[in-house]
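Descriptive analysis of the structure
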Amino acid sequence: MEKIKKASKDKIDRHREALENLSRRIHSNPEIGYEEEKASSWLGEYLDQVGFEVESGICDLPTAFRATKGSGPLHIIVCAEYDALPGLGHACGHNVIAATAVGAGIGAAAVADDAGLQVTVLGTPAEEVLRSGGKIHLLENGAFDGAHVAMMTHPAPWDVATWPIVAAAFMEVHYEGKSAHAAGFPEQGINAADALTIAQTSIGLLRQHLRSTDRVHGMVTNGGDAFNIIPAHSSADYAVRARNLQELDDVYEKVLRCFEAGALATGSKLKLVGGDKPFAHLEHDLDIATLYQKNAEALGRKFPALGESNPATPVSTDMGNVSLKLPTIHPAIGIDCLPAVNHQPEFTEACATDSAMQALYDGSVAMAWTMIDLAVEGKIKERLLGI
C-alpha cells in the first residue's frame, strides 16, 4: 500500500506544474455553462496526452467528456466542473476543481492495474446552470452507469469532509399582461410587473411559515420597458431550497401558489420554466468521506475536531443527484480567502493564488489515495462491488 501510494503521489508531483498552469489557464478564460469549449478541450487534450482514452461530446453535450484508464474491477468516477459564473468568472473555483480531477485521475491511473482500479475523469458542464445541471443530463443518459463511486473536491474557505448539500429547484417566472399608456389609458392595461410585486410580497409573508432550513430567493430580470407604459411582460429567476427532496416538494408548492396569486390578482398569465429537474440533497458516503479526510490530514489539512460544529453552510449542486445513484463524496477543500467566500469577486481572485494551487495538489493526492484505499480495503470494497 505504501509503495502504491508513493508511486501515485510521485506521478502527480511530475505533473504538478502543468496542472497548475491548466487551472490558471481556465481561470483566465472563464466560460459559462454549456459554453465551456476551451476548458473542456484543454482538459481532454491533456488527459489524452497522458494516456487516457478520451471521448468528447458525450451524451449529446458538446462540452462534456469522458476519459478512462485502467482495467480493474472497481470503477471510480472523478467529476470535473469547469463552468464559470456570469459576470464573476471563476468565483466558485471550478478551475481548481477541473485541474484537481485531472490530477487525481492521473495519480490513481498510474497504479490502477496494480490496485485494481478503473478510473474515469468525467467532464461535467454547467453545474452553475441551475435550471438544467449538466450532471442530471449525464445521469439520465447513462454517463454514470457501471461506476461504483463518484467523487470531487470543491474550493471553500475551510476543509470539511461532509459539506451540507441541500435540495433545490430553480425556475424562470414569466407574467404576460397588456400594455397601455400609463397616464392616458391605464384602465386598458394589465400590469405584469404588479403581478410580480404581488408574488414577491406573498413570498415575504410566507416566510413565517417556512422551516428555518428552507430558502426562497430570486431576482427580477424584466420589470418593464418604460415608466409611461403599463408593463405587458415581467420575469424573474427564483430558487427554492430545502433539506431534502421531500421537504422541497412541500415548500415549492407553497411558493408556486404565491406566483399564482400574482396572476390571479392582476389578470396576467403565468408561465413557469424549469423547476421540474431539481438538484437533490447529497447523501455522503461516510466510509469514503472518512478515508478522504484521513488522507487529506496526512498532507497537513485541518478538519473540524470531533464535537466541533461544521463551519460549512448549506449549498446546492447537481452532485446531489449523483449521490442518490451511487456512493459519493463532495468534500470542501480550503483556500486562503477569508473574509471572501464563494460567489464573490474576491473569491475569484483567490482561486488563482498559491493557496488555491496548494489545494489543487492536496485534493489530487487525497482523492487518488482514497481511490487506492477503496480498491484494497476489504469490507468497503466488497460493499461497493456488491460481493
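Residues numbered from 1 in each chain as written. Predicted model: local features only at pLDDT ≥ 70, side-chain atom pairs only at ≥ 80, totals over all residues. Heavy atoms only, no water.

The subject of this paragraph is the packing of helix α1 (residues 2-28) against helix α11 (residues 354-376). A pair of packed helices is captured by two measures, namely the crossing angle of their axes and the spacing between those axes. Between α1 and α11, the shortest axis-to-axis distance is 9 Å and the interhelical angle comes to 145°. The chirality of how α1 crosses α11 is right-handed. Counted together, I4, K5, S8, K9, I12, D13, R16, L19, E20, S23 and R24 of α1 and D354, M357, Q358, L360, Y361, S364, V365, A368, W369, I372 and D373 of α11 form the full contact between these two elements. Each residue belonging to the contact of α1 with α11 can be placed in one class, and the counts come to ten nonpolar, four polar and eight charged. (Axes fitted to C-alpha atoms, helices over the stretch in contact; angles between N-to-C directions. Helix = DSSP H or I, 4+ residues; strand = E, 2+ residues; numbered from the N terminus. Left-handed = near helix turned anticlockwise from the far one by under 90°. Contact = heavy atoms within 4.5 Å. Nonpolar A, V, L, I, M, F, W, Y, C, P; charged D, E, K, R; others polar.)

Scanning all chains against the criterion turns up five aromatic pairs. With 5.2 Å between their ring centres and 75° between their planes, F170 and F279 make a pair best called edge-to-face. With F170 in strand β7 (residues 167-176) and F279 in the loop between β10 (269-274) and α8 (286-298), this pair connects stretches of sequence that are 109 residues apart. Overall, the relative accessible area of 0% leaves F279 in the buried class. (Phe/Tyr/Trp six-rings, centres within 6.5 Å; stacked < 30°, edge-to-face > 60°. Buried < 20%, exposed > 50% of the residue type's maximum accessible area, 1.4 Å probe, protein only.)

Quick look at the sheet that holds strand β8 (residues 215-222) now. Taken together, four strands build an open sheet; the order of strands is β8-β9-β7-β10 and the sheet is antiparallel. Each edge of the open sheet is held by one strand with a lone partner, namely β8 and β10. Neighbour-to-neighbour, the strand axes of this sheet turn through a mean angle of 20°, independent of strand direction. Pairing analysis gives six bridges linking β7 to β10, with the strands arranged antiparallel. (Pairing = 2+ DSSP bridges.)

Pairing within the open sheet is mixed, and its six strands lie in the order β1-β2-β4-β3-β5-β11. Because the sheet does not close on itself, it has two edges, and the strands there are β1 (53-56) and β11 (328-329). Across five bridges, strand β2 (residues 65-69) lies against strand β4 (residues 117-123) in antiparallel orientation. Bridge pairing in β4 links A67 to V121.

Turning next to the packing of helix α6 (residues 192-206) against helix α7 (residues 245-266). Here α6 crosses α7 at 145°, and the two axes come no closer than 8 Å. Pair α6 / α7 crosses with right-handed handedness. Side by side, α6 and α7 meet where D194, A195, I198, A199, S202, I203 and L206 of the first sit next to K254, V255, C258, F259, A261, G262, A263, A265 and T266 of the second. Here the residues of the contact of α6 with α7 sort into eleven nonpolar, three polar and two charged.

Turning our attention to the pairing of β4. With six of seven residues buried, β4 lies mostly within the body of the structure. By the bridge criterion, seven bridges tie strand β3 (residues 74-80) to β4 in an arrangement that is parallel. Residue pairing for β4: V78 is matched across the bridge by V121.

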